[in-house]
Amino acid sequence: MTTTRTQVAIVGAGPSGLLLGALLHKAGIDAVIVEARSPEYVLGRIRAGVLEQVTVDLLDEAGVGTRMHQEGLVHGGFELAFGGARHRIDMKTLTGGKQVMVYGQTEVTRDLMAARATSGARTVYDAADVALHDFDSDHPRVTYSKDGASHELVCDFIAGCDGYHGVSRASVPAVAIRTYEKIYPFGWLGVLSDTPPVSHELIYSNHERGFALCSMRSMTRSRHYVQCSLDDHVEQWSDDAFWDELRRRLDPEAAEALVTGPSIEKSIAPLRSFVAEPMRFGRLCLAGDAAHIVPPTGAKGLNLAASDVGYLSSSIIDWYRGDQHSIDTYSERCLRRVWRAERFSWWFTSLMHKFPETGEFGQKMQAAELDYLVNSNAASTAMAENYVGLPMMAAG
Ligand code: APR
Ligand code: PHB
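Read on for an overview of the structure. (Residues numbered from 1 in each chain as written. Chains lettered and ligands numbered in written order. Predicted model: local features only at pLDDT ≥ 70, side-chain atom pairs only at ≥ 80, totals over all residues. Heavy atoms only, no water.)

### Some remarks on the pairing of strand 2 (residues 8–11)
Consecutive side chains along a regular strand alternate between the two faces of the sheet. Going by this rule: Each residue's exposure class comes from its accessible area (1.4 Å probe, protein chains only) as a fraction of the maximum for that residue type: buried when under 20%, exposed when over 50%, partly exposed otherwise. Under the DSSP-based scheme used, a helix requires at least four consecutive residues in state H or I and a strand at least two consecutive residues in state E, with every element numbered from the N terminus. A clockwise path from the first strand over the helix to the second, with the strands pointing away from the viewer, defines a right-handed crossover. A pair of strands counts as paired when DSSP detects no fewer than two bridges linking them.
Judged by which residues are buried, strand 2 turns out to be covered on both faces: Val8 and Ile10 on one side and Ala9 and Val11 on the other are all buried. Considered for its hand, the β-α-β crossover made up of strand 2, helix 1 (residues 15–26) and strand 3 (residues 31–34) is right-handed. Where strand 2 meets strand 13 (residues 157–160), 4 bridges bridge the pair, whose relative direction is parallel. Bridging from a neighbouring strand, Ile10 pairs with Ala159 of strand 13.

### Let's talk about the packing of helix 10 (residues 301–320) against helix 12 (residues 330–352)
Cut-off, in case you're wondering: Here an angle of 0 to 180 degrees is reported between the N-to-C directions of two axes, which are lines fitted to C-alpha atoms, with helices fitted over the stretch in contact. Reported orientations rely on four angle classes, namely roughly parallel under 35 degrees, roughly antiparallel over 145, roughly perpendicular from 65 to 115, and oblique for the rest. The handedness criterion is simple: a crossing whose near helix is rotated anticlockwise from the far helix by less than a right angle is left-handed, and one whose near helix is rotated clockwise is right-handed. Working rule for contacts: check all heavy atoms of both residues, and any pair within 4.5 Å makes them a contact. Nonpolar residues are Ala, Val, Leu, Ile, Met, Phe, Trp, Tyr, Cys and Pro. Charged residues are Asp, Glu, Lys and Arg, and all others, Gly as well, are polar.
Contact geometry of helix 10 with helix 12 gives a least axis separation of 10 Å together with a crossing angle of 165 degrees. Between helix 10 and helix 12, the crossing angle belongs to the class labelled roughly antiparallel. Two packed elements cross with a definite hand, and for helix 10 against helix 12 that hand is right-handed. In contact with Asn303, Leu304, Ser307, Asp308, Tyr311, Leu312 and Ser315 of helix 10, helix 12 contributes Tyr330, Arg333, Cys334, Arg337, Val338 and Ala341. Along the lines of polarity and charge, the residues of the contact of helix 10 with helix 12 split into 7 nonpolar, 3 polar and 3 charged.

### A short note on the sheet that holds strand 4 (residues 50–51)
A sheet is described by the order of its strands in space; here 3 strands give the open sequence 4-8-5, paired in antiparallel fashion. With one partner strand each, in any of the chains shown, strand 4 and strand 5 (73–75) form the two edges of the open sheet.

### Side note on the packing of aromatic side chains
Heads up, the rule is: Side-chain rings of Phe, Tyr and Trp, where Trp is taken by its six-membered ring, are said to pair if the distance between their centres is within 6.5 Å; with planes under 30 degrees apart they count as stacked, over 60 as edge-to-face, and otherwise as tilted.
Scanning all chains against the criterion turns up 17 aromatic pairs. Where Phe157 meets Trp319, the ring centres are 4.9 Å apart and the plane angle is 85 degrees; that geometry is what we call edge-to-face. Residue Phe157 is found in strand 13, and its partner Trp319 is found in helix 10; the two are separated by 162 residues along the sequence. Of the residues examined, Phe157 reaches a relative accessible area of 1% and is grouped as buried. Judged by centre distance (5.1 Å) and plane angle (90 degrees), the rings of Tyr164 and Phe274 are edge-to-face. Taken together, the positions of Tyr164 in the loop between strand 13 and helix 7 (167–170) and Phe274 in strand 18 (residues 263–277) put the pair 110 residues apart, joining distant regions of the chain. Judged on exposure class, the residue Tyr164 and its partner Phe274 are both buried.

### Notes on empty space enclosed by the protein
The condition is simple: Method remark: on a 1 Å grid restricted to protein atoms, a set of points is classed as a cavity if a 1.4 Å probe fits but cannot get out and as a pocket if it is open with protein on both sides within 12 Å along at least five of seven lines; lining residues have an atom within 4 Å of a point. Grid points are joined across faces, edges and corners, and a volume is the space filled by probe spheres set on the points.
Scanning all chains against the criterion turns up 5 cavities of 30 Å³ or more. Space inside the largest cavity adds up to approximately 120 Å³. What lines the largest cavity is a set of 16 residues, among which Ala48, Gly49, Leu213, Ser215 and Tyr225 lie closest to the centre. When residues in the lining of the largest cavity are grouped by element, the largest group, 3 residues, is from strand 16 (residues 212–216).

### Considerations on the site of ligand 1
We apply this condition: Nearness here has a simple test: a residue counts as near a molecule or strand if at least one of its heavy atoms is within 4 Å of that partner. Counting of polar contacts relies on pairs of N or O atoms within 3.5 Å, with two restrictions inside protein: one atom must be capable of donating a hydrogen and the other of accepting it, and residues adjacent in sequence are counted only when both atoms are side-chain atoms. Note on areas: Shrake-Rupley with a 1.4 Å probe; residue coverage comes only from the protein chains shown.
Around ligand 1 sit 23 residues, and of these Ser16, Glu35, Arg47, Gln105 and Asp289 come closest. Between ligand 1 and Leu302 there is a distance of 3.1 Å, counted from an oxygen atom to a backbone nitrogen or oxygen. Burial of ligand 1 by the surrounding chains reaches 87%, relative to a free accessible area of 710 Å². Every element with two or more residues in the shell around ligand 1 is listed here: helix 1 and helix 10. Its residues placed into classes, the shell around ligand 1 shows 9 nonpolar, 8 polar and 6 charged.

See below:
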């Protein structure tokens, strides 16, 4: 077994692990990232693409914001479609100037990977048998195998950035962790296509046939979704069937404007809300999807991962400067922001999707809430300030 000493062992090279590595590297703290898959796999996963200002600021702080500012689309609002009409939520006006950046997670990951390669910091891809050890001591370790050889990282901290299905949260004794979960009775069928967006902003549609979303990656590449059954399989959905169903769920103007084309990616994602508490276990800290999952409706997944990493990087930097308080409040500060985003994501999902089990009364409740939402400045403001992202939280 080859033993290597580093300050922080990061498990997972998704957005959380890569952003943490970039922020620690900038502070002169050595971190090795151990990733189970290949760079191509990590880049091949299509995820959401709406960045809060908090996320934009952290990417700028990490020195990877140049292309985002060149190619990203700044949006001051989005539209809610229901009852055959569209209603704009003017986020910029309602929040005193706040906006979001539309820039795909794949591009964020690409920028972070390029910066890490340039920095010379060490990333181990295609690592097998990754295991965490002794994180309840002052000498935590991560072991893994690569090309048949065994390796060990001796470190001061382990950052569990390995997502919902990773090994980090699974390594915590059951008695030390509590989880909260809600599974939604439907999925999202998503299609990526090199076609112009329906509109210059996102359109979220509540329709009697089910939810639909018109999003984008640029003004020439679109991302669309329709709510689908958990029994659906992507092979059952031809491109034409998808476009026809999407068109049925849009208002007449949007349906007319829709430009269809061949799918370059097509997939079905389940929806869940999930939180693990706490997020710190001695020298192991969880960040991102390893600790929490949100339904994609509010586009909060990447943004919560970024704010976790913002808290964690500053806490580790403070620890090396002799300040123990910051890492001791890491979990509490993260979870306060996580639960507010979990609530918003659950609320927005409950408002916009078709829930057959709630019947006609449930549909009337959704219609009444949407009518109130777009006709009340207070309700629209609450929606807008959650969508642009709540501020980073102090401890409770
Ligand atoms: N060992 C090492 N790496 C692992 C292991 C393991 N045992 N298990 C998983 N991984 C890797 C995955 O291959 C993946 O590259 O950890 C990474 C986790 O990345 P994400 O799942 O993307 O999670 P995170 O970095 O927190 O980013 C959250 O990604 O999935 C989206 O919607 C989510 O936008 C959110 C963002
Ligand atoms: C996306 O572009 O993939 C996207 C945008 C907004 C959401 C969810 C997904 O709420």
